[in-house]
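Descriptive structure summary
Here is how the chains run, residue by residue.
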Amino acid sequence: QPKAEDVIKEQCAKAEVVAELWHGFTGGAPKAALENLIVEFNRGKGGGACVRPVPQGSYRDLSTKLKAAFAANKVPAMAQAFENNIALYLEGDAVLPVSSLGLDLKGLNPLFVNATKIKGQVYGVPFNKSVQIMYYNNDLLKKYGAKVPTSIDEFVATAKRLSEGEKTPVYFFVPDASTYAYWFFTRGGSYNQNGKIVLNSKVGVETLEFLVKGVKDGWAKPITQGFINANFGSGTFGFSTDTSAGYSFYKSAAKFDLGTAPLPGKTGKQPGYALVQGTNLIVFKQADAKERALAAEFLRFVISPKAQAVFGVATGYVPVHLGSGADATVTRYVKENPWFGTILTQSRFARFEPAISEWEQIRFDILGQAIKEAVLGQATPKAALDKAQKQVDDLLAGRTR
Ligand code: FGO
């Protein structure tokens, strides 16, 4: 079977209209599933027009390259964008409102659609949206006769017990803003306080102290290089709280019986709050009329209940169309594959990070940095977050950039 990439090259070879889609998928199931959708869409165009996916590295590489593309006037028709990226690109008036594309957003999950709204206008079409879930090693739980934890207290007790038994920490976590967000949101934290970005709130400091204590107490293991699914061999994996879009990567790397469950909640009565990640598709104003029309058609195609069902089960992204849940692709699949049911359940308990234009910089270079420093013992949680707060205040006041 020819590679999807080569098929697309062929499809675009003689096309009169080409709409480029710059993306941040680096490989595996997400990239393959996107390419498969594009192959199918292009086939319907019969060679006259095509969408061409252009991988730009990681998500952050993608936004860096888009910023350079604006400066050089070489902007693609479409790109993946986080909500905060949309806010940034809109400062340069670069993004088309979805209303101008004639798309019908009825039936899309309003949680996702509302997140792309700025001043009442929708600027992005949710495409690959993930939620965090709990991954666990079912063989290890069985060995200790342990139940799948549903509350934070149960989680800590179980992680401690298994870690003591194994003499090595079993909760693997990346000390970054994503992991932190789950614990922070579930403890009731919010980054937005009366219109101000607050990183060093009481809940914030307590959340970071909790993670640091987990490391000290021997049940939490920071993963500082690469994805957790690439680090299973570095110890005894018991648990992680990670993006649902990692499922295919986890599944192929796991040499144990991989389990999934909703995130442990503040109490066992309801799941914890997942961070919503993954991106939206946006169309740039610089696209000409033909490219815009092609992009609109493509977006209509990828948000359909069927396309979202196929894309979801292939990757672990949450179908953005509420109709996907009733699509046979999903109803049949979940019967045999409870992991996908976990994702659908968890998607009802989810929160976003702030969508301000500076957020990408804040979450990686300021908050993420503070989390890493505290977890690696280079600063106390309070000191690290107080410093981060000062950096945010300076950045948002225009004193630094
Ligand atoms: C990733 C990043 C942001 C922002 C969150 C933002 C920028 C986080 C987090 C930083 O689509 P998601 O859910 O998952 C990704 C998907 C496709 O690559 O698969 C995941 N993956 C890939 C390879 C692998 O071996 N294992 C695996 O899990 C991959 O993470 O997005 C989650 C991870 C991060 O990129 O380090 O979203 N994120 N908010 N990035 N630039 N800006 O505002």
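Note: the structure precedes this text.
Notes on the structure follow. (Residues numbered from 1 in each chain as written. Predicted model: local features only at pLDDT ≥ 70, side-chain atom pairs only at ≥ 80, totals over all residues. Heavy atoms only, no water.)

**Topic: the overall build of the chain**
Which entries qualify depends on this criterion: The helix and strand labels rest on DSSP assignments: H or I over at least four residues marks a helix, E over at least two residues marks a strand, and numbering proceeds from the N terminus. We compute the radius of gyration from the C-alpha atoms alone; for a globule the expected value is 2.2 Å times N to the 0.38, where N is the number of residues. In this scheme, a residue with accessible area under 20% of its type's maximum is buried, one over 50% is exposed, and one in between is partly exposed, where area comes from a 1.4 Å probe on protein chains only. Residue contacts are counted whenever heavy atoms from the two residues lie within 4.5 Å of one another. A positive count includes Lys and Arg, and a negative count includes Asp and Glu. His and the chain ends are not counted in either. Note that the charge is assigned to NZ on lysines, CZ on arginines, CG on aspartates and CD on glutamates.
Summing up its helical and strand segments, the chain has 16 helices and 14 strands in all. The C-alpha radius of gyration of the chain comes to 21 Å, within 12% of the 21 Å expected for a compact globule of 401 residues. Counting only C-alpha atoms, the chain reaches 65 × 55 × 35 Å along its principal axes. Split into buried and exposed, the 401 residues of the chain put 55% on the buried side. Within the chain, residue pairs in contact and separated by at least 24 positions form 76% of the contacts whose partners lie at least 6 positions apart. On the chain, the mean spot of the 47 positive side-chain charges and the mean spot of the 36 negative ones are 2 Å from each other.

**Side note on the pattern of salt bridges**
What counts here: The salt bridge criterion pairs a side-chain nitrogen of Lys or Arg with a carboxyl oxygen of Asp or Glu, the two atoms within 4 Å.
Under the counting rule described, the total for this entry stands at 19 salt bridges. Between Lys-196 and Asp-393 there is a salt bridge; the shortest N-O distance is 3.6 Å. One end of the pair, Lys-196, is in strand S9 (residues 196–197); the other, Asp-393, is in helix H16 (residues 381–396), with 197 residues separating them in the sequence. Judged by its relative accessible area of 27%, Asp-393 falls in the partly exposed class. Across the salt bridge formed by Asp-394 and Arg-399, the nearest N and O atoms sit 2.8 Å from each other. A single salt-bridge network, built from bridges that share partners, covers Glu-5, Lys-31 and Glu-35.

**What about helix H7 (residues 152–166)?**
As a reminder of what qualifies: Under the convention used throughout, the expected extent of a helix is 1.5 Å for every residue step, that is, one less than its residue count.
With 15 residues, H7 extends 21 Å from end C-alpha to end C-alpha; this agrees with the ideal 21 Å at 1.5 Å per step. Turning to H7, its buried residues number three or more, namely Ile-152, Phe-155, Val-156, Thr-158, Ala-159, Leu-162, Ser-163 and Glu-166. Looking at the packing, one finds that the buried side of H7 touches strand S6 (125–137), helix H6 (138–143), strand S7 (171–173), helix H8 (177–186), helix H9 (202–216) and strand S11 (239–243). After H7 finishes, the residue Lys-167 shows a positive phi value of roughly 60°.

**Remarks on the environment of Thr-260**
We count it as follows: Two N or O atoms count as a polar contact when they lie within 3.5 Å, although within protein this holds only if one can serve as hydrogen donor and the other as acceptor, and sequence-adjacent residues are included solely when both atoms are side-chain atoms.
Relative to the assigned elements, Thr-260 resides in strand S12 (residues 258–261). Non-local contacts of Thr-260, meaning those with residues more than four positions away in its chain, are made with Ile-133, Met-134, Tyr-135, Tyr-136, Tyr-247, Pro-338, Trp-339 and Thr-342. There is a polar contact of 2.9 Å between the side chain of Thr-260 and the side chain of Thr-342.

**Topic: the site of the ligand**
We count it as follows: The nearness test applies per residue and asks whether one of its heavy atoms lies within 4 Å of the molecule or strand. Under the scheme applied, nonpolar residues are Ala, Val, Leu, Ile, Met, Phe, Trp, Tyr, Cys and Pro; charged residues are Asp, Glu, Lys and Arg; polar residues are all the others, including Gly.
Tyr-59, Asn-84, Ser-130, Thr-243 and Tyr-317 are the nearest of the 20 residues found near the ligand. Contact distances for the ligand include 2.5 Å between an oxygen atom and a side-chain N or O atom of Tyr-59. Here a nitrogen atom of the ligand sits 2.7 Å away from a polar atom, N or O, in the side chain of Glu-360. Those elements that place two or more of their residues in the shell around the ligand are helix H3 (59–72), strand S13 (274–283) and helix H15 (359–375). Among the residues forming the shell around the ligand, the class breakdown is 9 nonpolar, 8 polar and 3 charged.

**With respect to the side chain of His-23**
Tracing the backbone shows His-23 in strand S1 (residues 17–23). With near-sequence residues (within four places) excluded, His-23 lies in contact with Lys-31, Leu-34, Pro-53, Val-54, Pro-55, Gln-56, Gly-57, Leu-62 and Gln-80.

**Considering the state of the cysteines**
In a disulfide, the sulfur atoms of two cysteines are covalently bonded to one another. The criterion, for reference: Our working definition of a disulfide is a cysteine sulfur pair at a distance within 2.5 Å.
Evaluation of the coordinates by the stated rule reveals 1 disulfide. For Cys-12, the disulfide goes to Cys-50, at an S-S distance of 2.0 Å. Disulfide Cys-12 to Cys-50: torsion about the S-S bond roughly 115°, handedness right-handed. A residue pair is termed long-range when its members are at least 10 positions apart, and Cys-12 in helix H1 (residues 4–13) and Cys-50 in strand S2 (residues 49–55) qualify at 38 residues. Grouping residues by exposure puts Cys-12 and Cys-50 together as buried.

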